[in-house]
Amino acid sequence: MRIIGLALIALLTFITAAQAQVAAPRLNPLPFTPSAAWNPAVYSWDGPSRIGAGLGEIALDFTASGSATVEAAAGDTTAATLRWVGESFAFGVDYFLLNLDIIQSFGGGPIEFETTLVGASFQMDDLFSIGAGQETGKNLFDTSLTTGSLPIVGATLRLGEVFYFGFATGDETIEQETTTVAGSAVEGERGVTRIGLAYHSRDGENGLHVEVWRNDIDAINTTALTVSSEESTGVTLEVVFSNILIGYESASGETLDAANGSVLEEDDSTTISLGWVPMEGLSLVVSMTEIESNDLSNGEVFQFNLLFAGVTWSF
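Residues numbered from 1 in each chain as written. Predicted model: local features only at pLDDT ≥ 70, side-chain atom pairs only at ≥ 80, totals over all residues. Heavy atoms only, no water.

> Sorry if this is basic, but what is going on with the overall build of the protein here?
Across its full length, the protein holds one helix and 16 strands. Going through the 315 residues of the protein one by one, you find that 49% of them count as buried. For the protein, contacts bridging at least 24 residues in sequence account for 58% of all contacts bridging at least 6. With an accessible surface of roughly 13,300 Å², the protein has 59% of that area assigned to carbon and sulfur atoms. (Helix = DSSP H or I, 4+ residues; strand = E, 2+ residues; numbered from the N terminus. Buried < 20%, exposed > 50% of the residue type's maximum accessible area, 1.4 Å probe, protein only. Contact = heavy atoms within 4.5 Å. Areas by Shrake-Rupley, 256 points an atom, 1.4 Å probe, with all protein chains shown as cover.)

> I'm lost on unusual backbone geometry in this one. Help?
The bulk of non-glycine residues show a negative phi, and the bulk of peptide bonds are trans. Of note, the bond from glycine 47 into proline 48 is cis; its omega dihedral lies within 30 degrees of zero at 0 degrees. In this fold, proline 48 is placed in the loop between helix H1 (2–18) and strand E1 (50–63). We note that aspartate 125 has phi near 60 degrees; this positive angle belongs to a residue other than glycine. Topologically, aspartate 125 is positioned in the loop between strand E4 (109–124) and strand E5 (128–141).

> Looking at this structure, I do not really get the packing of aromatic side chains. What am I missing?
How two aromatic rings sit relative to each other is set out by the distance from centre to centre and by the angle between their planes. A complete count under the given rule lists five aromatic pairs for this structure. With 5.9 Å between their ring centres and 40 degrees between their planes, tryptophan 38 and tyrosine 43 make a pair best called tilted. Ring geometry for phenylalanine 163 and tyrosine 199: centres 5.4 Å apart, planes at 70 degrees, overall edge-to-face. Highlighted residues: phenylalanine 163 in strand E7 (residues 163–178) and tyrosine 199 in strand E8 (residues 186–203), separated in sequence by 36 residues. Classification of phenylalanine 163 as partly exposed rests on a relative accessible area of 48%. Relative accessible area serves as the criterion here: at 29%, tyrosine 199 is assigned to the partly exposed category. (Phe/Tyr/Trp six-rings, centres within 6.5 Å; stacked < 30°, edge-to-face > 60°.)

> Mind showing me how you'd approach the environment of proline 40 here?
Structurally, proline 40 can be placed in the loop between H1 and E1. Residue classification places proline 40 among the buried positions, given a relative accessible area of 0%. Each C-alpha atom of the pair proline 40 and phenylalanine 167 lies 9.9 Å from the other, and the pair is 127 residues apart in sequence. Those residues in contact with proline 40 that lie beyond four places of it in its chain are Gly119, Ala120, Ser121, Gly131, Ala132, Gly133 and Ile152.

What follows is the structure, encoded as structure tokens:
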């Protein structure tokens, strides 16, 4: 059933904004953030340096209007991270891969969702940082291939060593094609704007991170390609005491019609995390994410559930 595949892609796209890092770094050293609303300028404050990897399991439930909820797809995800943070210069690479299989009663078929983030930043006087990076991604379902490329620049302002303001922007190029049809590729460009405010502190075994953010993605509406616009906002709360992390994140988003701006879909996300996160050595964090997507045109509801575990070594 093609609608399930397209809904899965929409849900995975919402994850790109569901766990943001726009103003200040996370206390979770490896969250599940494929193509997240990131700001490369944050890398300057994101110590210590680390390497890590993670695994997760995914399930999707589907509820048609007036019908019972049924399982529609399941799969897994892998992630890897590298972060090097010096006195003034910082560099980071993140990689995420999701593989999902639609169950046969909904038509079957695999979906692949892949994202790579590469960025660097430079900070001055422990007050201001600038950063630049590249976000690339693709999703493949059946014969439909969508790729995206987002060069992004950002800045952060740090006041009193604990208050942060972040801003990032770029123009994303989207290309869509049918893999079985030669010359079918079409592309368009859209603006991306991210803004965030945060309180962040980490002192030895204890820490606190509170952040509110917004992510706006313009529509593409040309004769060759139509892609809806997206708006999302959220809040992040992370507490560390005696190296034990407890995290809570909530995000809500809307998908808007490219032609008239009417709301096509509403999404809500909640993530709860628990882990062991010392400043140096081995860290382990387990996260549970639930995303609910409501299609306003037909009353269909999709619920995405993820269990993810990340392990890192900080140095």
